[in-house]
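Report on the structure
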Amino acid sequence: MIRQRNAPAQLSGAARENGPKRTVTGTLVKVLLHSRTERGMSLEPFASRCVRVGEVHELVTTDQRDTAPGARIDRVGFLGFAEIATAGVLDRGDEVFVGEHRVGTVLGFDACHFPNHYNVLIAADQLLTGEKLDLRPELPVRFVPAAAEF
């Protein structure tokens, strides 16, 4: 018997990848303490990115919500760098946790430093930094799939 699935949940009217997947995990390896209001990051046109075991990516918060390809992201708070322990797919809308803190949801990706690393942009209510959250190296990082019915 073929089971029909419900339509994927929408995220603020923006396109989001759908389909069940596993949680991507990692470890915070470097804490960052600063924020900026004129950073000039550029949102990649992709709603998802694959990450591999051992890669290191930067975690960046923003209170901006524009998901249009090329959107300029100026207001950012830097959390730190995370090493990926469980490979997988990061999707726009995934919930991001560092330690016990729910930081926000994946907004998208900036590739200004790629192939060295992606800036994983995290939509948060306010600019958060590693200092504001009292983060420490070795804290676990989790990218939990967005809640949706499939």
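In this text the structure is predicted, and so the values were computed from the model without any measurement.

About the thresholds
Residues numbered from 1 in each chain as written. Predicted model: local features only at pLDDT ≥ 70, side-chain atom pairs only at ≥ 80, totals over all residues. Heavy atoms only, no water. pLDDT = per-residue confidence, 0-100. Contact = heavy atoms within 4.5 Å. Salt bridge = Lys/Arg side-chain N within 4 Å of Asp/Glu carboxyl O. Buried < 20%, exposed > 50% of the residue type's maximum accessible area, 1.4 Å probe, protein only. Helix = DSSP H or I, 4+ residues; strand = E, 2+ residues; numbered from the N terminus. Pairing = 2+ DSSP bridges.

**Brief notes about the confidence of the model for the protein**
On average, the protein scores 88 in pLDDT, and the residues at 70 or more come to 87%. Residue range residues 1–15 is modelled with pLDDT below 50. Its contacts to residues more than four positions away, or to other chains, number 17 contacts.

**Section: the pattern of salt bridges**
Using the criterion set out here, one finds seven salt bridges in the structure. Of the charged contacts, one joins glutamate 95 and arginine 102 as a salt bridge, the two residues approaching to 2.6 Å between their closest N and O atoms. Using a relative accessible area of 25% as the deciding quantity, one classes glutamate 95 as partly exposed. Residue arginine 102 is classed as partly exposed on the basis of its relative accessible area, which comes to 45%. Note that arginine 136 and aspartate 134 form a salt bridge whose closest N and O atoms lie 2.7 Å from each other. On the basis of relative accessibility, which here comes to 48%, the residue arginine 136 falls in the partly exposed class.

**Concerning unusual backbone geometry**
Cis geometry is adopted by the peptide bond preceding proline 115, which originates at phenylalanine 114 and carries an omega value of 20°. In this structure, proline 115 sits in the loop between β10 (101–110) and β11 (119–123). Here the phi dihedral of aspartate 134 falls at roughly 55°; this positive angle occurs in a residue that is not glycine. Note on placement: aspartate 134 falls in the loop between β11 and β12 (140–144). Residue class for aspartate 134 comes out partly exposed when judged on its relative accessible area of 49%. Phi is positive for glutamate 138, close to 85°, though the residue is something other than glycine. For glutamate 138, the position within the fold is in the loop between β11 and β12. With relative accessibility at 62%, the residue glutamate 138 sits in the exposed group.

**A few points about the pairing of strand β1 (residues 24–31)**
Pairing of β1 with β12, which is carried by four bridges, proceeds in the antiparallel orientation. Looking across to β12, one finds that threonine 25 is bridged to arginine 142. In terms of strand pairing, β1 meets strand β7 (residues 76–84) through five bridges, oriented antiparallel. Within β7, the residue paired with leucine 28 across the bridge is alanine 82.

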